[in-house]
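Geometric and topological summary
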Amino acid sequence: QAQLVESGGGLVQAGDSLRLSCTDSGRAFGSYPMGWFRQAPGNERSFVVGVDWKGNTEWADSVKGRFAVSRHRDVNTITLQTDSPKPEDTAVYYCAAGDPWAPPNIGEFRYWGQGIQVTVSS
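Keep in mind the model is a prediction, meaning the values are calculated, not measured.

**With respect to the overall build of the chain**
Helices and strands together make up the secondary structure of the chain, namely 0 helices and 11 strands. A globule of 122 residues ought to have a C-alpha radius of gyration of about 14 Å, and the chain, at 13 Å, matches this closely. Across its three principal directions, the C-alpha atoms of the chain cover 40 × 25 × 25 Å. The burial tally for the chain puts 45% of its 122 residues in the buried class.

Right under this line is the structure:
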């Protein structure tokens, strides 16, 4: 059973570095997709990025080019970072994971972390 725990986030200034990490402590092998979603105030939760076990990556157009993602299968961890956060990146960020061998597509994510608040001030 997946157990996703996020870390990082908090309050950052626009233009500072932002780094989020998530570890799946409930499964032994990283043969499943991991990714990030976010939910801004008043909005629905939206897809940010997904990475499958081979490293294939899917990005939301809204963040492509500004964020970077790293997947570390040996420790079941995924990180999301940017050196240019903007106030519109303010949201609760959720780590997500899918079943083994699934692609990193938005509909394949079934397991969720608790969410972590990120606030970007201007």
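**Section: the pattern of salt bridges**
With the rule as written, the count across this model stands at 5 salt bridges. As a salt-bridge pair, Asp24 and Arg27 come within 2.9 Å of each other at their nearest N and O atoms. Across the pair, Arg27 and Asp24 agree in class, each one buried. Here Asp99 ties to Arg110 by a salt bridge, and the two come within 2.6 Å at their closest N and O atoms. Linking Asp99 in the loop between strand 9 (91–98) and strand 10 (109–112) with Arg110 in strand 10, this pair joins segments that are 11 residues apart in sequence. Among the residues examined, Asp99 registers a relative accessible area of 25% and is labelled partly exposed. Three or more residues are tied together by salt bridges with common partners; here these are Arg38, Arg66 and Asp89.

**A word on the pairing of strand 5 (residues 46–51)**
Counting buried positions along strand 5 yields 5 of 6 residues, so the element is predominantly enclosed. Across 5 bridges, strand 4 (residues 34–39) lies against strand 5 in antiparallel orientation. Across the sheet, residue Phe37 finds its bridge partner in strand 5, namely Phe47. Between strand 4 and the antiparallel strand that follows it, strand 5, lie 6 residues; Gly42 among them carries a positive phi value of about 80°.

**A few points about the sheet that holds strand 3 (residues 18–24)**
Pairing is antiparallel in the open sheet, where 4 strands are placed in the order 1-3-8-7. The sheet is open, and its two borders are formed by strand 1 (4–8) and strand 7 (68–72), each paired with just one other strand. Each strand axis lies, on average, 15° off the axis of its neighbour in the sheet, ignoring direction. Of the pairings in the sheet, the one linking strand 7 to strand 8 (residues 77–82) comprises 5 bridges and is antiparallel in character. Counted as the bridge partner of Val69 is Leu80 from strand 8.

**A closer look at unusual backbone geometry**
Of note in this structure, Asn76 is not a glycine but carries a positive phi near 50°. If you trace the backbone, Asn76 turns up in the loop between strand 7 and strand 8. Note on Asn76: relative accessible area 5%, which makes it buried. One non-glycine residue, Trp101, adopts positive backbone phi at about 70°. On the secondary structure map, Trp101 appears in the loop between strand 9 and strand 10.

Conventions used here
Residues numbered from 1 in each chain as written. Predicted model: local features only at pLDDT ≥ 70, side-chain atom pairs only at ≥ 80, totals over all residues. Heavy atoms only, no water. Helix = DSSP H or I, 4+ residues; strand = E, 2+ residues; numbered from the N terminus. Rg over C-alpha atoms; globule rule 2.2 N^0.38 Å. Buried < 20%, exposed > 50% of the residue type's maximum accessible area, 1.4 Å probe, protein only. Salt bridge = Lys/Arg side-chain N within 4 Å of Asp/Glu carboxyl O. Pairing = 2+ DSSP bridges. Axes fitted to C-alpha atoms, helices over the stretch in contact; angles between N-to-C directions.

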